Amino acid sequence: DKNQSIGELVYFPDPSLNGVDPDVIVAGWRLDRWDPTVVEHVYPQFDATYSRFKFDVEIERGILSSLFKAILPALVIVISGFLALLLGPDKALQRLGINTSALIGAIMFHVNLTSQLPPVGYLTLADKYMIMNYVGLVSTLAATVALLAMSTGNRTQTAARLHRYSARYIPLAWAVGQVAVFTVR
């Protein structure tokens, strides 16, 4: 109420009367939980405090929908980028094309994925998942650029060592990071 301050009007949530109508449908999403709360909001310019009723609704995709629309396509992009790690140090230019294509594909996919959500001021699970994908893809790109730099000199042994380590440890570090993304909340 814009006229009655907290001294005259205080809202309170009644759990028995709060909820979301079963006919409310958000296509592709499931209304998971809701949380009615009352907060006090101070307006210093009016030197007054008002009661404010907030009703937060949490939405989430179903498991199958998340798997096929978010996780699987991004996983295919990352695996495609990681396949470049199988190419030898002498194929660094081809690796560079694969790595940059996978990274651009991941960015475009992430933009499309987040455009389906309302803007929020925090990282969603999809954001964290994609950030970890970026880390893996940028790591493969960095290893490839390092291989390119080594190909100009007489550093074939160092390039071979970098090739072996990057092929083993970048996907492993990415997998550990993804486990952390999905288990740590």
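Residues numbered from 1 in each chain as written. Predicted model: local features only at pLDDT ≥ 70, side-chain atom pairs only at ≥ 80, totals over all residues. Heavy atoms only, no water.

A word on a nonpolar patch on the surface. Side chains of Tyr11, Trp34, Phe53, Phe55 and Val57 sit close together on the surface and give an oily, nonpolar patch of about 420 Å² of accessible area. The biggest single contributor to the nonpolar patch is strand E2 (residues 48-60), with 3 residues. For Val57, the location among the structural elements is in strand E2. A relative accessible area of 38% means that Val57 is categorised as partly exposed. (Patch = residues over 30% accessible without salt bridge, like charges linked within 9 Å, V, L, I, M, F, W, Y side chains within 5 Å. Areas by Shrake-Rupley, 256 points an atom, 1.4 Å probe, with all protein chains shown as cover. Salt bridge = Lys/Arg side-chain N within 4 Å of Asp/Glu carboxyl O. Helix = DSSP H or I, 4+ residues; strand = E, 2+ residues; numbered from the N terminus. Buried < 20%, exposed > 50% of the residue type's maximum accessible area, 1.4 Å probe, protein only.)

In this sheet, E2 lies alongside strand E1 (residues 30-43) in antiparallel orientation, the contact comprising 13 bridges. The partner of Tyr43 across the bridge, within E2, is Ala48. What sits between the antiparallel neighbours E1 and E2 is a turn of 4 residues, in which Asp47 has the positive phi angle 55 degrees. (Pairing = 2+ DSSP bridges.)

With that settled, the discussion passes to the side chain of Asp127. Turning to its location among the elements, Asp127 is positioned in helix H3 (residues 125-151). Although buried, Asp127 forms no salt bridge, and the nearest oppositely charged side chain, Lys128, lies 8.6 Å from it. (Lys, Arg positive; Asp, Glu negative; His and termini not counted.)

So, on to the nonpolar core. Counting residues in hydrophobic clusters, the biggest one holds 21 residues, and the most contacted among them are Ile77, Phe82, Ala106, Phe109, Met130 and Leu137. Put simply, the parts of the chain that give this core at least two residues each are helix H1 (63-83), helix H2 (92-114), H3 and helix H4 (156-183). With 7 residues, H3 is the single largest residue contributor to this core. If we ignore the near neighbours within four places in the chain, the residues touching Met130 are Ala74, Ala106, Phe109 and His110. (Core = buried A, V, L, I, M, F, W, Y, C linked by side-chain atoms within 4.5 Å. Contact = heavy atoms within 4.5 Å.)

The full count for this structure, using the stated rule, is 5 salt bridges. Measuring nitrogen to oxygen at the nearest pair gives 2.4 Å for the salt bridge that ties Arg30 to Glu60. One end of the pair, Arg30, is in strand E1; the other, Glu60, is in strand E2, and 30 residues separate them in sequence. By relative accessible area, which is 38% here, Arg30 ends up partly exposed. A salt bridge links Arg33 to Asp32, with the shortest nitrogen-to-oxygen separation between them at 2.6 Å. Classification of Arg33 as partly exposed rests on a relative accessible area of 47%. Classification of Asp32 as partly exposed rests on a relative accessible area of 22%.

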